Amino acid sequence: MGQKKDLTGSEKSKIVRYLAEGCSSLKIAKLLKRDHRTIKRFIQNSQQGRKKRVEKPRRKITAHELRKVKRAAAKMPLATSLAIFQSCNITGVPKSTRCAILRDMAKVRKAERRPSLNKTRKLKCQDWAKKYLKTDFSKVLWTDEMRVSLDGPDGWARGWIGKGQRAPVRLRCQQGGGGVLVWAGIIKDELVGPFRVEDGVKLNSQSYCQFLEDTFFKQWYRKKSASFKKNMIFMQDNAPSHASKYSTAWLARKGIKEEKLMTWPPCSPDLNPIENLWSIIKCEIYKEGKQYTSLNSVWEAVVAAARNVDGEQIKTLTGSMDGRLLSVLAKKGGYIGR
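Reading guide: rules and limits
Residues numbered from 1 in each chain as written. Predicted model: local features only at pLDDT ≥ 70, side-chain atom pairs only at ≥ 80, totals over all residues. Heavy atoms only, no water. Helix = DSSP H or I, 4+ residues; strand = E, 2+ residues; numbered from the N terminus. Buried < 20%, exposed > 50% of the residue type's maximum accessible area, 1.4 Å probe, protein only. Contact = heavy atoms within 4.5 Å. Areas by Shrake-Rupley, 256 points an atom, 1.4 Å probe, with all protein chains shown as cover. Pairing = 2+ DSSP bridges. Axes fitted to C-alpha atoms, helices over the stretch in contact; angles between N-to-C directions. Expected span 1.5 Å × (residues − 1). Arc of directions from axis to C-beta. Salt bridge = Lys/Arg side-chain N within 4 Å of Asp/Glu carboxyl O. Phe/Tyr/Trp six-rings, centres within 6.5 Å; stacked < 30°, edge-to-face > 60°.

1. Considering the overall build of the protein
Summing up its helical and strand segments, the protein has 15 helices and 4 strands in all. When burial is assessed residue by residue, the protein has 37% of its 338 residues classed as buried. Contacts spanning at least 24 positions in sequence make up 75% of the contacts within the protein whose residues lie at least 6 apart. Summed over all atoms, the accessible surface of the protein reaches about 22,000 Å², with 51% contributed by carbon and sulfur.

2. A short note on the sheet that holds strand E3 (residues 190-196)
Sheet architecture is open: 4 strands sit in the order E3-E2-E1-E4, paired in mixed fashion. A strand with exactly one partner marks an edge of an open sheet, and here the two such strands are E3 and strand E4 (233-235). Strand-to-strand twist of the sheet, defined as the mean angle between neighbouring strand axes without regard to direction, takes the value 20°. Here strand E1 (residues 140-149) pairs with E4 via 3 bridges, running parallel. Directly across from Leu141, in E4, lies its bridge partner Phe234. The strands touched by helix H12 (residues 274-285) within the sheet are E1, strand E2 (179-187) and E3, with E1 carrying the most contacts at an inclination of about 35°. Here helix H13 (residues 295-307) sits on the sheet and contacts E1, E2 and E3; the angle it forms with E3, its principal contact strand, is near 175°.

3. Section: H12
Relative to the 16 Å expected for 12 residues at 1.5 Å per residue, H12 spans 17 Å between its end C-alpha atoms, a close match to the ideal helical length. Among the residues making up H12, those that are buried are Ile274, Glu275, Asn276, Leu277, Trp278, Ile281 and Ile285. Taken together, the buried residues of H12 touch E1, E2, E3, H13, helix H14 (311-318) and helix H15 (321-330).

4. Here's the deal with helix H1 (residues 9-20)
Between its terminal C-alpha atoms H1 stretches 17 Å, which fits the 16 Å expected from 12 residues at 1.5 Å a residue. Buried within H1 are the following residues: Glu11, Ile15 and Tyr18. In a view along the axis of H1, the buried residues occupy a sector of 70°, so they form one face of it. Residues of H1 that are exposed and point over 90 degrees away from its buried face: Gly9, Val16 and Ala20. Contacts made by the buried residues of H1 are with helix H2 (25-32) and helix H3 (36-44). A positive phi of about 90° marks Gly22, the residue just after H1.

5. Regarding the environment of Ala184
Along the polypeptide, Ala184 turns up in strand E2. Classification of Ala184 by relative accessible area gives buried; the value is 1%. With 32 residues separating them along the chain, Ala184 and Phe216 place their C-alpha atoms 8.7 Å apart. In this view, Ala184 contacts Trp142, Thr143, Asp144, Leu191, Val192, Pro194, Ile274 and Trp278; residues no more than four positions away in its chain are not counted.

6. Concerning the pattern of salt bridges
Per the stated rule, a full pass over the model turns up 8 salt bridges. Ionic pairing is found between Asp270 and Arg121, a salt bridge with its closest N-O pair at 3.1 Å. Residue Asp270 is located in the loop between helix H11 (245-253) and H12, and its partner Arg121 is located in helix H7 (residues 119-131); the two are separated by 149 residues in the primary sequence. A salt bridge links Lys139 to Asp136; the shortest N-O distance between them is 4.0 Å. A relative accessible area of 39% places Asp136 in the partly exposed class.

7. Description of the pairing of E3
Sheet analysis places E2 next to E3, joined by 5 bridges and oriented antiparallel. Each bridged residue has a counterpart across the sheet, and for Val182 the counterpart in E3 is Arg196. Hairpin geometry of E2 and E3 is characterised by an intervening segment of 2 residues between the two adjacent antiparallel strands and by a positive phi of about 55° at Lys188.

8. Brief notes about the pairing of E2
Along any regular strand, the residues point their side chains to alternate faces of the sheet. Most of E2 sits out of view: 9 of its 9 residues are buried. Burial of E2 is two-sided: the residues Gly179, Leu181, Trp183, Gly185 and Ile187 facing one way and the residues Val180, Val182, Ala184 and Ile186 facing the other way are all buried. Pairing of E1 with E2 involves 8 bridges; the strand directions are antiparallel. Following the sheet pairing, Val148 is matched in E2 by Val180.

9. Describing the packing of aromatic side chains
One pass over the structure, following the stated rule, counts 15 aromatic pairs. Each ring, one from Trp128 and one from Trp264, has its centre 5.2 Å from the other, and the planes form 80°; the classification is edge-to-face. With Trp128 in helix H7 and Trp264 in the loop between H11 and H12, this residue pair connects regions lying 136 residues apart in the sequence. Both residues of the pair, Trp128 and Trp264, count as buried. Judged by centre distance (5.5 Å) and plane angle (80°), the rings of Phe217 and Trp250 are edge-to-face. Placement of Phe217 in helix H8 (residues 205-219) and of Trp250 in helix H11 is noted, with a sequence separation of 33 residues between them. For the pair formed by Phe217 and Trp250, the shared burial category is buried. Each member of the aromatic cluster is reached from another via a ring pair, and the members are Trp183, Phe195, Phe211, Phe216, Phe217, Trp220, Tyr221, Phe228, Phe234 and Trp250.

What follows is the structure in structure tokens.
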């Protein structure tokens, strides 16, 4: 609990006046909306103010110990301050001092989520990069799904709060209040969609193919020229509904097969440029900690944000693929970030 403010000069004058009028200390406390004990304390000794809190000096550590702490913090990035200091055999340092020392050399951050970097994944990424190194990526349609919730991702509702101001109340929906599943694609400088998956539908092989038929094929693909369809390469990740035999055979009947269906290395969201589009849209719809009260309202926000993404932004994303492939080869299949 924070330290309460001392009585102001105006309040002290009012207390003296109320006492002269014969008011009790309890009545004065109610009139001034102050704690009764504060009023009684002033009456007993009007010259005595609140004692100021004395800051205790920090427990100092030597330069040698500081270097040990710095090395330990680098080796133990997710450890607590206590674990770091114990690994250095430094005892008797209170938590506040440990944290103050660590704040001078480090910052509390969440662990980054990355795909598994096992040997098999690295080899497949390298093979994929070599296979498509000479591909014209302006003819590749990059597709993916994204789920958006009413509350947005955890940790996004943060910002600068002025001194003396309270942080706004953020109501939390049970389990995020549900969400909307969105599918979209990007090719060259064009955005395909976004299209909304019907609420309550779980995307298995059959429902995924039916969804593509009702949205992508009927509303976009069939309007394209024969030469465009002949040269277009369709990309999708290895989600079970995408990579199943049923979906592969269904796409083949639509003419998307063999070299027209891009093979995809496992656990590689860092290679798909549409992931960057999802980041742009999410930053827009959840800016300033915005929340939504219905699934329709968050869907409308997604559509509005997608409309604001211009062709140059999309072209920048799809045009980054040559650099991504070179990064994969330079890092021998390692994670390249996004």
